[in-house]
Amino acid sequence: MIMTVDVPGLTAAAFGVGSSHDRLSDPNRHGDVDAGPGLIDFAVNVRPGPPPFIVEALTSRIADLAAYPSDADTEAATARAAALHGRDVRDVLLLGGAAEGFELVARLGFSHAALIQPSFTEPARVLVAAGTRVTHVTPPPPWRLSDAQVPEDADLVVVGNPTNPTSVLHPAADILALRRPGRTILVDEAFADLTLDGDSFEPESVAHLAGDDLIVVRSVTKTFGLAGLRAGYLLASPRTIDAMTVGRRHWPLGTLTLTALHACLGGAGQAYAHEQARIVAADRAHLVTRLGEIGLSPLAPPRAPYVLLSTPNALGLKDALTGRGFAVRSCANFVGLGSDHLRLAVRPAELTDGLIAAVQDVRDRPAEPGETRNR
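In this report, we go over the structure that sits alongside the text. Just so it is clear, the structure is predicted and the values come from calculations on it, not from any experiment. (Residues numbered from 1 in each chain as written. Predicted model: local features only at pLDDT ≥ 70, side-chain atom pairs only at ≥ 80, totals over all residues. Heavy atoms only, no water.)

A closer look at the pattern of salt bridges
Our working definition: Salt bridges are defined by distance alone: a side-chain nitrogen of Lys or Arg within 4 Å of a carboxyl oxygen of Asp or Glu. Each helix corresponds to a stretch of at least 4 residues labelled H or I by DSSP, and each strand to a stretch of at least 2 residues labelled E; elements are numbered beginning at the N terminus. Burial here depends on accessible area, computed with a 1.4 Å probe over protein chains only, as a share of the maximum for the residue type. Under 20% is buried, over 50% is exposed, and the range in between is partly exposed.
Inspection of the entire model under this criterion finds 17 salt bridges. Residue Arg179 is joined to Asp213 by a salt bridge in which the shortest nitrogen-to-oxygen separation is 3.0 Å. Pair noted here: Arg179 is in the loop between helix 6 (172-176) and strand 7 (184-188) and Asp213 is in the loop between strand 9 (200-201) and strand 10 (214-219), with a separation of 34 residues, a long-range link. Assessed through its relative accessible area of 30%, Arg179 is described here as partly exposed. Via salt bridges that share partners, Arg61, Asp64 and Asp73 belong to a single interconnected network.

Here it is in structure tokens:
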């Protein structure tokens, strides 16, 4: 399915969402809004944290905050990112959060961007704001790239790997098959460091591949519990990085962000990320099993720290779970999805068991007149 838009997002009416839930279809709405105080958070895809060694690294730099961020800190973090992916340091650009990477890419003046959907909403927002024509390309479930009808004149293709919120991990070969003369491929690998195939970590990452037509955006905030700090980086050719950073402000990253990047991308940080990938795989398997026991299944084989579900009256279920102390993410504002879709973050088994019990409790209560039940 191909849909071209001139403005970001879709209206609530397009999803058939009633007025009481119109806010859920806002394309600028993110899962953190759902994770209210006191709720057990299945809405946000950030791992618990930060881990103690990150806290220690950050704490050790508090006394340095009177000084401007240093070139030495920037160079040290850049070197670690380059070494991690086998790239030249000139191929690395440190970011104040992965979302900044999309803002910088939008500066490159692409004329026609094809966004593989459903996916993270931020690229569409910044590309449309930059005057780029955007086409939403939505393959049918299970959202294989081989089924994506990308317009031949698209000079930018944006794809998440793994994709949020579907949890699909695309084969690297399918991503590279999107290459065309004059086209750039932008790969959002915000969750790649939590993907696992047996003993192989990041099995479908293309971050190690150099080329003028390939940009990879990475985040460390998801895995290390640092969403409030905003830290990431991208990998691209030096020519591309030079073009996107013309006019970028001085000191774009603060000292603590640089410190966090250095710690996350080093040996201890990568050992921690690998441990988290194993934990996610085990906890995700438990979540899928427990969902199956109550007749729910992910819409695609999940490979990320979240799963995508569809169930009738999902917004009613979401509200009922909130009343029972659980936050889940509505997917009503993702292109190609609607008000019957929910995303669940992977959490430890005991929290998952509590969520499943809450879903069963919702189902077992007496139905209201005219209510559609979540069966």
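A closer look at the pairing of strand 11 (residues 232-235)
The side chains of a regular strand alternate between the sheet's two faces. Heads up, the rule is: The pairing criterion is simple: DSSP has to find at least two bridges between the two strands.
Residues of strand 11 alternate between two faces, with Gly232 and Leu234 on one and Tyr233 and Leu235 on the opposite face, all of them buried. Here 4 bridges tie strand 3 (residues 92-95) to strand 11, and the two strands are oriented antiparallel to one another. The residue of strand 11 that forms the bridge with Leu94 is Tyr233. Bridging between strand 10 and strand 11 involves 4 bridges; their strand directions are antiparallel. The residue bridging Arg218 from the neighbouring strand is Tyr233, located in strand 11.

Overview of the pairing of strand 12 (residues 306-310)
With 4 of its 5 residues buried, strand 12 lies for the most part within the structure. Pairing of strand 12 with strand 15 (residues 341-345) involves 5 bridges; the strand directions are antiparallel. Bridged to Leu308 within strand 15 is Arg343.

Examining helix 3 (residues 71-85)
What counts, and what does not: Residue count minus one, scaled by 1.5 Å, sets the expected span of a helix. Note on contacts: a residue pair qualifies if any of its non-hydrogen atoms lie within 4.5 Å across the two residues.
Across its 15 residues, helix 3 extends 21 Å between first and last C-alpha, which sits within 8% of the 21 Å expected from 1.5 Å per residue. Residues of helix 3 that are buried sit in contact with strand 3, strand 10, strand 11 and helix 9 (255-264).

Brief notes about the sheet that holds strand 14 (residues 329-330)
What counts, and what does not: To obtain an axis, a line is fitted to C-alpha atoms, over the contacting stretch when the element is a helix, and the angle between two such axes runs from 0 to 180 degrees between their N-to-C directions.
Spatially, the 3 strands line up as an open sheet ordered 12-15-14, and their pairing is antiparallel. In the strand order of this sheet, the two ends are held by strand 12 and strand 14, each with one partner. When strand 14 meets strand 15, the two strands line up antiparallel, connected through 2 bridges. Residue pairing across strands places Ser330 opposite Leu342, the latter belonging to strand 15. Contacts between helix 11 (residues 314-323) and the sheet are confined to strand 14 and strand 15, with strand 15 contributing the most and set at about 40 degrees to the helix.

Remarks on the packing of aromatic side chains
Any aromatic ring pair is given by two values, namely how distant the centres are and how the planes are angled relative to each other. Note the threshold: Each aromatic pair joins two rings of Phe, Tyr and Trp (for Trp, the six-membered one) with centres within 6.5 Å, and gets the label stacked for planes under 30 degrees apart, edge-to-face for over 60, and tilted for any other angle.
This structure, assessed with the given rule, holds 6 aromatic pairs. One aromatic cluster in this structure is built from Phe53, Phe224 and Tyr272.

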